[in-house]
Amino acid sequence: MDSPELIQANKLVMKKIVLFFFLGSMLSCSLWAQRDPLKWPFADTSIWNMPIGDQAVYIPALIEPAQAWGMTVDEDILFLDAQAPLLPVMTNYAGWDGSKDRCVEEGPMLFQAPIPDSFFVSPSTWDGLTPNSGAAFLMRDGQTIKQTQPFSRCFDSIATSQFVPSDVNLFGEGITGAHGGSGLSAMGGTLRLGELDDPSDTIRHVMKVNLFAARNLFYDLQTEGYRWPALRADGYAPSVYYTQRTLDTVKACRMGALLALRADLQLDSLKLETQPARILALAFQQYGAYVVDDTYWEVYAMCTEWSPKGRFVDEFEQAWGYSFSEANKNTPWTRDMAKIFAALHVVDNNTPNNKGGGGNPIAPMAPPFLTTQLPSISSPSKVNWRKIGDFIHVDKPFHSHETLVQLIDLQGRTIFTAQAKEEALQIPIPSTRGVYLLRIQSKWESQQHKLVLP
């Protein structure tokens, strides 16, 4: 058992670490006035934006060393030009069967989506035989995010896919989506263009990783192999998860686990050789990464952007002179990534009411959205509201779900807050007119809209 002196010393170290991150947070918030939701999506309270808290409970994940490759990626395909030409996305049933053709139409139209004419996702452009190929589309209203998997666009006239989860809102929580193993977002947590191409970069959001489930993801009948915020584990989890495990059992490491480097870890102790690995290590420490899919082979993977604006992996190689996805396990880059994954812990008290482990965040929260990017009050929405006299009338927020309704000014101050269920709300219009944010948030979903009060 540790001595009282050692316990007190450890507490002092943690207080210094939290103070360091808090001061950094205050400085950062003074530098970022607002953010572009297309580059940095979802509410500041979203799982994809919540920093690790100083009350996080860490359990060593004991991730087993990759045996096949040093590092790879799972590319999220992002279509964020809502005014691009609409293209039908037709049903295809090939799935992950490498002997079948994902490109051909085999069933009814799933939906239409804005897709640029010149952008193709096909066997000639994607990596591997059957990539996960989760896709996210910004729809015409400028706020609905539609997702699907596995996406292909091999011909001018159509695209194809198979699975379509529920839509989310660009300005909401954005938890769910087209990562099939977990049911989590194909947009939130993605490493984006411009985030890892310069020595001074800092990644300011939660990330996503895939692990080799046969060695690293626990399954039993009680947990069914997943944990919040994941909606599920892979359908084959009972027969595959942990079947090749060689290290000690870690029940906390399941699909949906939030992985992070401990806040008290001195990053210099990892002896990292490359700058991008140092940038990622800091992000793993401050924000962490969710396990969203199974690599299905012995390799680590991180989720990266592929969009009409470019490909993260191409930008990375141009910037650093070596590939993010690398077969050789004994290069400076892959040695670094192996060290990071070996040091990862599960934040075991990450819950819907305790995101990131709770307490004070050890890194900056996301700043407000650019007001020019927020949808107008007249935008289509599941929640209806209107001005009646000196009040904003909000109709039945999210029906039977208990809902938090807030009116927030552009300095981030909450002007009005109330809990609602099925009843409508009357929000007094502030005496100071101008631009406000109306945030309506339930357990599962949230919306955020701009109100212009003349």
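Calculation rules
- Residues numbered from 1 in each chain as written.
- Predicted model: local features only at pLDDT ≥ 70, side-chain atom pairs only at ≥ 80, totals over all residues.
- Heavy atoms only, no water.
- Helix = DSSP H or I, 4+ residues; strand = E, 2+ residues; numbered from the N terminus.
- Buried < 20%, exposed > 50% of the residue type's maximum accessible area, 1.4 Å probe, protein only.
- Areas by Shrake-Rupley, 256 points an atom, 1.4 Å probe, with all protein chains shown as cover.
- Disulfide = S-S within 2.5 Å.
- Expected span 1.5 Å × (residues − 1).
- Contact = heavy atoms within 4.5 Å.
- Axes fitted to C-alpha atoms, helices over the stretch in contact; angles between N-to-C directions.
- Parallel < 35°, antiparallel > 145°, perpendicular 65-115°, else oblique.
- Left-handed = near helix turned anticlockwise from the far one by under 90°.
- Nonpolar A, V, L, I, M, F, W, Y, C, P; charged D, E, K, R; others polar.
- Salt bridge = Lys/Arg side-chain N within 4 Å of Asp/Glu carboxyl O.
- Core = buried A, V, L, I, M, F, W, Y, C linked by side-chain atoms within 4.5 Å.

A. The overall build of the protein, seen in detail. When helices and strands are counted, the protein shows six helices and 22 strands. Buried residues in the protein amount to 56% of all 454 residues. For the protein, the exposed area adds up to about 19,700 Å²; of that, 54% sits on carbon and sulfur atoms.

B. Representation of the state of the cysteines in the model. Tallied over the full model, the rule gives one disulfide. The disulfide bridge from Cys-103 ends at Cys-154, spanning 2.0 Å between sulfur atoms. Across the disulfide from Cys-103 to Cys-154, rotation about the S-S bond amounts to roughly -60°, and the bridge is consequently left-handed. Remark: Cys-154 occurs in the loop between strand S6 (144-148) and strand S7 (159-161) and Cys-103 occurs in the loop between strand S3 (86-91) and strand S4 (109-114); sequence separation between them is 51 residues.

C. Layout of helix H6 (residues 332-343). Its twelve residues place the ends of H6 17 Å apart at the C-alpha level, agreeing with the 16 Å of an ideal helix rising 1.5 Å per residue. Contacts made by the buried residues of H6 are with strand S10 (207-211), strand S11 (258-260), helix H4 (275-286), strand S13 (301-307), helix H5 (312-320) and strand S15 (345-347).

D. Representation of the packing of H4 against H6 within the structure. The geometry of H4 relative to H6 is characterised by a closest axis approach of 10 Å and an angle of 15° between their N-to-C directions. Viewed along their axes, H4 and H6 adopt a mutual orientation that is roughly parallel. Regarding H4 and H6, the two cross each other, and that crossing is right-handed. From H4, Pro-276, Ala-277, Leu-280, Ala-281 and Phe-284 reach across to H6, where they touch Trp-333, Asp-336, Met-337 and Ile-340. Considered class by class, the residues forming the contact of H4 with H6 number eight nonpolar, no polar and one charged.

E. Structural view of the side chain of Ser-152. Within the element layout of this structure, Ser-152 appears in the loop between S6 and S7. Beyond its immediate stretch of four places on either side in the chain, Ser-152 contacts Arg-102, Val-121, Trp-126, Ala-159 and Thr-160.

F. Local environment of the pattern of salt bridges. This model, assessed by the stated rule, comprises twelve salt bridges. We note a salt bridge from Asp-97 to Lys-100, for which the minimum N-O separation is 4.0 Å. Here Asp-97 falls in the partly exposed class, since its relative accessible area comes to 31%. The shortest N-O distance in the salt bridge between Arg-262 and Asp-264 comes to 2.9 Å. Residue Arg-262 is classed as partly exposed on the basis of its relative accessible area of 29%.

G. Layout of the environment of Phe-218. If you trace the backbone, Phe-218 turns up in the loop between helix H2 (213-216) and helix H3 (237-240). Exposure remark for Phe-218: the relative accessible area of 8% places this residue in the buried category. Taking the C-alpha atoms as reference points, Phe-218 and Tyr-241, separated by 23 residues in sequence, lie 6.0 Å from one another. With residues near it in sequence (within four places) discarded, Phe-218 still touches Thr-223, Gly-225, Tyr-241, Tyr-242, Thr-249, Val-250, Lys-251, Cys-253 and Arg-254.

H. Up close: the nonpolar core. With 50 residues, the main nonpolar core has Leu-259, Leu-280, Met-302, Phe-324 and Phe-341 as its most contacted residues. Secondary-structure elements contributing two or more residues to this core are S10, H4, strand S12 (289-294), H5 and H6. Per-element tally for this core: the top contributor is H4, with six residues. Apart from residues no more than four positions distant in its own chain, Leu-259 is found in contact with Ala-61, Ile-63, Val-209, Leu-211, Cys-253, Phe-284, Gly-288, Ala-289, Val-291, Leu-344, His-345 and Val-346.

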